[in-house]
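# Understanding the architecture of this molecule
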Amino acid sequence: MGKPKLLNDDGKRLDGRALDELRPLKIAARVLNDANGSAYVHWGKNRVLAGVYGPRECIPKHNSSPYAAQIKCRYNMAPFCSLEEHGRSGPSRRSVELSKVIRETFENVIIAGAYPKTQIDIYIEILQSDGGTRCAAITAAAVALADAGIPLKDMVSAVAVGKVEGKISLDLSKEEDNFGQSDMPIAFASRNGDVLLLQMDGQLTKEEIAQGLQMARNACVKISALQAEALRTAYDGAKNGEKQLDLSI
Amino acid sequence: MSELIVPGQMISDRPTRQPSTYVEDGKTYSAVVAIKNVEGKIVPLQGPYSPVEGDFVVGVVTNVKFAGYEVALHTPYRAFLSSRELRDTFELGDIISAEIISVDEVKSMMLDNPRCLRGGMLAEFSPVKIPRLIGKKNSMLELIRGKTGCELAIGKNGYVWIGPGKTALAFSTIMKVEREAHISGLTNRIEEYLSKNGK
């Protein structure tokens, strides 16, 4: 099978988006009963659930630090999340890597010194994947952490940029990721714009990276507004005594 | 209407000292999801308990040792009640109220002035919402106590002991307070709820 054509003749992408357009994104906070904080993100065809526990007793104890909380993260793909095989035989090389980079992203913003000798667990389940799951995972986990009341210096939002048919484009879908020339997921701190995660597959020139960063920065402003909105809705929802969840895009 | 604050949002352009905030470049930012009240103070909506010296707490005895008792306070931190100057003894599983007399740098606590709470039940409550359950000059506490006939011991750590009486009603009322703690007109709604369900 040859490489599919990723841009239509009118300059739009396969799903009809412009180059700098996000897929439809919906975020809901406080979706789980027993986690301290939780969030659900429906982003294009990605569906991601994040739950946060803690600060709680650090296990094993010899890993605990008297200076700060240990942050632990598990990124996991459900066996039914995509066409390929995932999660049937425990963590893969890929999910171990993603757990690590997501943990390191949040180590920058969590004020861990407030809770010595404890651990904070971030559990991320990918229920359905369609490219850009690590960005969706970070976006969901940030809302879940805020919902849990864990002190954060900043909210975090993430999005990928990449190169499709020679053009820099925002928020790559699975096809664009697989058959495009480059993919660069980026996470930003919402307030001061610090780059907390930057990975890249493929090749980009210096100018293309600068252009992509700017594109992602603009998109993350929108994403962090949706994150704040999700937290607001969760607390307004308590007013009616029940959670109302409409996750259709 | 009070404003909802998200982590990283600026609360003041001057450095101020208050819990759940941090100062950077001379400005104060919120570290939690909170509501900003009229005085500009932030009230967190969710979060764990951080032990403070002098706090009144409620807990469960989880270990009996030669020198005293280990008490679970619904926190990741250890609390120890020395039996050196105690008259009474406690058993495993006893619910007690006590005062935190010291907190060290890893937040291990020493307790004192214990009192055994017999009968009743123990409820979990969000520690950041405890002030609403007590109310101004104990108004909420007195209201629930009066209408249900239950003694209440409200620990700052988030454990609430409900004494014998109309325990089920007291419990459901407390859960209602927790759910609606951040919505104004709480006392009126609770009063209404208690008189409707209190027969």
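From a predicted model like this one, the values you see are computed outputs, not experimental measurements.

About the criteria used
- Residues numbered from 1 in each chain as written.
- Chains lettered and ligands numbered in written order.
- Predicted model: local features only at pLDDT ≥ 70, side-chain atom pairs only at ≥ 80, totals over all residues.
- Helix = DSSP H or I, 4+ residues; strand = E, 2+ residues; numbered from the N terminus.
- Buried ≥ 20, exposed ≤ 12 C-beta atoms within 10 Å, placed from the backbone.
- Contact = placed C-beta atoms within 7 Å.
- Pairing = 2+ DSSP bridges.
- Axes fitted to C-alpha atoms, helices over the stretch in contact; angles between N-to-C directions.
- Expected span 1.5 Å × (residues − 1).
- Arc of directions from axis to C-beta.
- Domains from an automatic or database assignment.
- Nonpolar A, V, L, I, M, F, W, Y, C, P; charged D, E, K, R; others polar.
- Parallel < 35°, antiparallel > 145°, perpendicular 65-115°, else oblique.
- Left-handed = near helix turned anticlockwise from the far one by under 90°.

Along chain B, the regular secondary structure elements total 4 helices and 14 strands. Each principal axis of the C-alpha distribution contributes one length, and for chain B these read about 55 × 50 × 25 Å. Sorting the 199 residues of chain B into buried and exposed places 37% on the buried side. The contacts of chain B with a sequence gap of at least 6 include a subset with a gap of at least 24, amounting to 53%.

Residues and elements named next belong to chain A. If you trace the 5 strands from one edge of the open sheet to the other, you get E1-E2-E3-E5-E4, paired in mixed fashion. Only two strands of the sheet have a single partner each, and these edge strands are strand E1 (25-29) and strand E4 (70-77). Taken pair by pair, the neighbouring strands of this sheet meet at an average axis angle of 15 degrees, ignoring direction. As defined by bridge partners, strand E2 (residues 37-43) adjoins strand E3 (residues 46-57) across 7 bridges and the pair is classed as antiparallel. Across the sheet, Gly37 pairs through a bridge with Val52, a residue of E3. Across the face of the sheet, helix H1 (residues 93-107) comes into contact with E4 and strand E5 (118-128) while running at roughly 140 degrees to E4.

Another point: the sheet that holds strand E2 (residues 10-12) of chain B. All names here are of chain B. Reading across from one edge, E2-E4-E3 is the order of the 3 strands in this open sheet, with antiparallel pairing throughout. Each edge of the open sheet carries a strand with a single partner, namely E2 and strand E3 (21-24). In this sheet, adjacent strand axes meet at a mean angle of 40 degrees when their direction is disregarded. With 4 bridges connecting them, E3 and strand E4 (residues 27-30) associate as antiparallel partners. Counterpart to Tyr22 in the pairing with E4 is Tyr29.

All names here are of chain A. Relative to the 21 Å expected for 15 residues at 1.5 Å per residue, H1 spans 21 Å between its end C-alpha atoms, a close match to the ideal helical length. Of the residues making up H1, those classed as buried are Leu98, Ser99, Ile102, Thr105 and Phe106. The arc enclosing the buried residues of H1, seen along the axis, measures out at 125 degrees, which places them on a common side. In H1, the exposed residues that point more than 90 degrees away from the buried face are Arg93, Val96 and Lys100.

What follows deals with the domain arrangement of chain B. Residues and elements named next belong to chain B. Domain boundaries assigned for chain B yield domain 1 (3-44), domain 2 (56-117) and domain 3 (121-197). Domain 2 and domain 3 are separated by 24 Å when their C-alpha centres are compared. Tallying the contact residues gives 10 residues for domain 2 and 10 residues for domain 3. Residue assignment for the side of domain 2 that touches domain 3 shows that the elements contributing at least two residues are strand E7 (56-64) and strand E10 (95-103). Sorting elements by how many residues they give to the side of domain 2 that touches domain 3 places E7 first, with 4 residues.

Residue and element names in this part refer to chain A. In this structure, Asp201 sits in strand E10 (residues 201-202). Take Asp201: there are 14 C-beta atoms within 10 Å of it, and that puts it in the partly exposed class. For the pair formed by Asp201 and Ser65, sequence separation is 136 residues and the distance between their alpha carbons is 35 Å.

Right, let's talk about the interface of chain B and chain A for a bit. Each side of the interface is counted separately: chain B has 22 residues, and chain A has 26 residues. The class makeup of the residues in the side of chain B that touches chain A is 14 nonpolar, 5 polar and 3 charged.

A separate point is the packing of helix H3 (residues 167-179) of chain B against helix H4 (residues 186-197) of chain B. Residues and elements named next belong to chain B. One can describe the packing of H3 onto H4 by two numbers: an axis separation of 11 Å at closest approach and a directional angle of 155 degrees. Classed by the angle they form, the pair H3 and H4 counts as roughly antiparallel. Considering how the two elements wind past one another, H3 and H4 form a crossing that is right-handed. Contacts between H3 and H4 involve Leu169, Thr173, Lys176 and Val177 from the former and Leu186, Ile190, Tyr193, Leu194 and Asn197 from the latter.

Residues and elements named next belong to chain B. Sheet topology note: the E7/E10 ladder contains 5 bridges and is antiparallel. Paired with Val60 across the two strands is Ile95, which belongs to E10. Two strands pair when backbone bridges link them, and E7 and strand E8 (residues 68-72) are joined in this way by 4 bridges, in the antiparallel orientation. From the neighbouring strand, Val64 faces E8, where its bridge partner is Tyr69. Taking the residues between adjacent antiparallel strands as the criterion, E7 and E8 are bridged by 3 residues.

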